[in-house]
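Chain by chain, the residues run as shown.
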Amino acid sequence: MLVAVEKPTERELRVMPWWLVLVGLLLAAALGWLVLDLLLGEADRASQPDTRATLRIDAIRTGLTVVAGTGGGLALLLAARRQWIAERAQRHQESVAERDQAHRDRVQGHAESVAEAAQRQQDRQSTAAEHDAAERRLTELYTRAVELLGNDSAAVRLGGLHALERLGQDNPAQRPTIVAVLCAYLRMPAPEDEPRETEVRRSAQRVLTRHLRADDATHWPEARLDLTGARLVDFDAAGCTLVDADFTGAVFSGATSFAGATTRGRLSLGAAALGDVVFDDLATDGEVVLDDARFEGQSSFDRADFTGLSCRRSRFAGPTSFHRATFHEPTSFDATHFQDGARFREATFLGGLSMEHTEFAGYAGFRSVRFADMALFRWTVFAGDACFEQARFDGAANFGRPGSRAGSGSTPPASTAAAGRPGPRGGRRRTLLARRHGGRSARRRVAAACRPLSGRGRQRGAAGGRSPSRATPSTRSRCSGDGNWAMVRPLISRTTSSKPMSSRTARVAWARRMSGSPAA
């Protein structure tokens, strides 16, 4: 910030009056006269005439000298005043010239600022005009592309897709809108048995997933998929970064892949219908919702890393694998039905696990699984073979009131759990249990827990006045509670804190675990 410095004001120059010069001359003459009169008086006192004449001449000479000296002094004084006046006049001229230059500079600066403001205004008007023209052009292109996307011809719709993609690539601010338009197109009902429309939808899927890969130069980081209820064909999101993606109620036909994908936020696949699907190496930092989902083909979640997983009331019709998957938060498979084999080999449940009312129609493999927190298998149905060999329970576990179908003649899960693989029914399996975990009492407990209710037993129950319906609960009771735990506990190696809990205690603890409140 410039601060103006005030210069000291000069005194006003006064003109010397003429009478002052006259007074000076008179004073010089009077002084000379007085000196001459004094010297002549002294000369007259001399006794000799010659001496008197000489002294008078000297007196006159001295008086004239005094007068001349006084005049010379006055002349010097006038010369000095003239010089001072000349210097002051020069300084005044310089000051005036400096003020004139400063004034001219201020005028020039003001003119330049006015010109600059005018230029800025012109630039703003030009920029606004260009922006309006670009927006109009963008709106026209967008409208034209949407019109192409709604055309009856499949080839024209394909052109509209690529026009929208190019528009989004050149205009980052329009990408969320374009992604929303493509998702809305995929959510629209698709005519069946229309191969051209299927190809258009595949192209729309590829346009979306092509810009969701973070390692690609064409990545659109702000894209969010909302494909609720959409029909997707061979959907390939492998390696994509999904931000709050919503596939609730979507129908996936063909092969679906989320292999190597990364999710930020919530990934919702609730009530979705999928065929063959791959979630291998999935990395999440939010909850994955699979509630009420239907998996009609093979499902693979190998090496997936789940922050949180909710898979309630889902149905897996084909083989399912969670090999080496990691679950960091409480996980729920309540009321889920596995129609084929389900393998959780070497999986890690760092949070709680709930599989209440879960049904395993085929093989259930939990070999080398680590349960770091609570594990609930209450009312779980193991209709096929089950394996908990080398499983590790670091927290509490509850296998109370299972639904193993011993009365229906199917193989109890403990028989295969002991062997670690499917095997023949009967005494050989019970003998293998007894050899591993030794002792006659252990053999009796395992045999009682694993003994199926045969037809002969039902006939004896009926002959003895008891109906088969009353005989079945007695056999089921041997496979529940302490009998079931005595059957499962020897199969767990390196187990810590593996005591069974009552149903009420497990239910209260799991509710506290899911709500985040501390345990009692």
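Calculation notes
Residues numbered from 1 in each chain as written. Predicted model: local features only at pLDDT ≥ 70, side-chain atom pairs only at ≥ 80, totals over all residues. Heavy atoms only, no water. 1 Å grid on protein atoms, 1.4 Å probe; cavity = no way out; pocket = protein on both sides within 12 Å on 5 of 7 lines; lining within 4 Å. Points joined across faces, edges and corners; volume = space filled by probe spheres on them. Helix = DSSP H or I, 4+ residues; strand = E, 2+ residues; numbered from the N terminus. Nonpolar A, V, L, I, M, F, W, Y, C, P; charged D, E, K, R; others polar. Patch = residues over 30% accessible without salt bridge, like charges linked within 9 Å, V, L, I, M, F, W, Y side chains within 5 Å. Areas by Shrake-Rupley, 256 points an atom, 1.4 Å probe, with all protein chains shown as cover. Salt bridge = Lys/Arg side-chain N within 4 Å of Asp/Glu carboxyl O. Buried < 20%, exposed > 50% of the residue type's maximum accessible area, 1.4 Å probe, protein only. Axes fitted to C-alpha atoms, helices over the stretch in contact; angles between N-to-C directions. Parallel < 35°, antiparallel > 145°, perpendicular 65-115°, else oblique. Contact = heavy atoms within 4.5 Å. Phe/Tyr/Trp six-rings, centres within 6.5 Å; stacked < 30°, edge-to-face > 60°. Pairing = 2+ DSSP bridges. pLDDT = per-residue confidence, 0-100. Left-handed = near helix turned anticlockwise from the far one by under 90°. Core = buried A, V, L, I, M, F, W, Y, C linked by side-chain atoms within 4.5 Å.

**Student:** Hey, could you run me through the layout of surface pockets in this one?
**Tutor:** In this structure, the second largest pocket encloses a volume near 250 Å³. Lining the second largest pocket are A134, R137, L138, L141, R144, A145, L148, A163, R166, L167, D170 and N171. For the lining of the second largest pocket, the secondary-structure elements that each account for two or more residues are helix 2 (49–149) and helix 3 (154–170). Per-element accounting of the lining of the second largest pocket gives the leading share, seven residues, to helix 2. Of the residues belonging to the lining of the second largest pocket, the class tally is seven nonpolar, one polar and four charged.

**Student:** Hey, could you run me through a nonpolar patch on the surface in this one?
**Tutor:** Together, W19, L20, V23 and L27 make up a nonpolar patch on the protein surface, roughly 390 Å² of accessible area in all. With respect to the secondary-structure elements, W19 resides in helix 1 (residues 18–44). The class for W19 is partly exposed, based on a relative accessible area of 47%.

**Student:** What exactly am I supposed to notice about the packing of helix 3 against helix 5 (residues 195–210) here?
**Tutor:** Angle between the axes and distance between the axes: these two values describe a pair of packed helices. Where helix 3 meets helix 5, the axes come as close as 9 Å, and the angle between the chain directions of the two elements is 5°. Judged by the inter-axis angle, helix 3 sits roughly parallel to helix 5. Packed against helix 3, whose contacting residues are A154, R157, L158, L161 and E165, the element helix 5 presents R196, E197, E199, V200, S203, A204, V207 and R210 at the interface. For the contact of helix 3 with helix 5, the residue count by class is six nonpolar, one polar and six charged.

**Student:** Hey, could you run me through the packing of aromatic side chains in this one?
**Tutor:** Note on aromatic pairs: each is described by the distance of the centres and the angle between the planes. A full pass over the atoms with the stated rule returns 37 aromatic pairs. Arranged with centres 4.8 Å apart and planes meeting at 5°, the rings of F279 and F301 form a pair that is stacked. Highlighted residues: F279 in the loop between strand 8 (276–278) and strand 9 (283–284) and F301 in the loop between strand 12 (299–300) and strand 13 (305–306), separated in sequence by 22 residues. An angle of 10° between the planes, with centres 4.9 Å apart, marks the rings of F366 and F388 as stacked.

**Student:** Sorry, what's going on with the environment of R144 here?
**Tutor:** With respect to the secondary-structure elements, R144 resides in helix 2. R144 gets classed as partly exposed once you look at its relative accessible area, which sits at 48%. Placed 20 residues apart in sequence, R144 and L164 show a C-alpha to C-alpha distance of 9.4 Å.

**Student:** What am I meant to see in the sheet that holds strand 4 (residues 255–257) here?
**Tutor:** Within a beta sheet, neighbouring strands are joined by backbone hydrogen bonds and run either parallel or antiparallel to one another. If you trace the seven strands from one edge of the open sheet to the other, you get 4-8-12-16-20-24-28, paired in parallel fashion. Both edges of this open sheet fall to strand 4 and strand 28 (386–387), since each of them pairs with a single strand only. In this structure, strand 24 (residues 364–365) lies alongside strand 28, joined through two bridges in parallel fashion. For A364, the partnering residue across the bridge sits in strand 28 and is A386.

**Student:** What's the story with the confidence of the model for the chain in this structure? I'm lost.
**Tutor:** When pLDDT drops low, the exact placement of atoms in the prediction is not to be read closely. On average, residues of the chain score 77 in pLDDT, and 73% of them reach the 70 mark or higher. In the predicted structure, residues 1–5 sits below a pLDDT of 50 and forms zero contacts with residues beyond four places in sequence or in another chain. Predicted confidence for residues 402–503 stays below pLDDT 50, and this span has 145 contacts to residues more than four positions away or in other chains.

**Student:** Which parts of the structure should I look at to understand the sheet that holds strand 14 (residues 308–310)?
**Tutor:** Strands sit in the order 6-10-14-18-22-26-30 across an open sheet of seven strands; the sheet is parallel. In this open sheet, the two strands that pair with only one neighbour each are strand 6 (267–268) and strand 30 (397–398).

**Student:** So what exactly am I meant to see when it comes to the packing of helix 4 (residues 175–187) against helix 5 here?
**Tutor:** Helix 5 packs onto helix 4 with a crossing angle of 150° between their chain directions and a minimal axis gap of 10 Å. Viewed along their axes, helix 4 and helix 5 adopt a mutual orientation that is roughly antiparallel. Between helix 4 and helix 5 the crossing geometry is left-handed. Across the interface between the two elements, V179, L182, C183, Y185 and L186 of helix 4 pack against E197, V200, R201, A204, Q205, V207 and L208 of helix 5.

**Student:** How do you make sense of the nonpolar core when you look at a structure like this?
**Tutor:** Across soluble globular proteins, nonpolar side chains show a tendency to be buried alongside one another. Counting residues in each nonpolar core, the largest one holds 77 residues, and the members touching the most others are F247, F344 and F366. Of all the elements in the fold, those that place two or more residues in this core are helix 2, helix 3, helix 4 and helix 5. If one sorts the elements of this core by residue count, helix 4 sits on top with seven residues. Non-local contacts of F344, meaning those with residues more than four positions away in its chain, are made with F322, F333, F338, F349, M355, F360, G365, F366, R367 and V369.

**Student:** Help me understand the environment of A372, please; the structure alone is not making it clear to me.
**Tutor:** Within the secondary structure, A372 sits in the loop between strand 25 (370–371) and strand 26 (375–376). On the accessibility criterion, A372 (23% relative accessible area) is partly exposed. Separated by 44 residues in sequence, A372 and H328 have C-alpha atoms that sit 9.8 Å apart. The residues contacting A372, other than those within four sequence positions of it, are F349, L350, D394 and G395.

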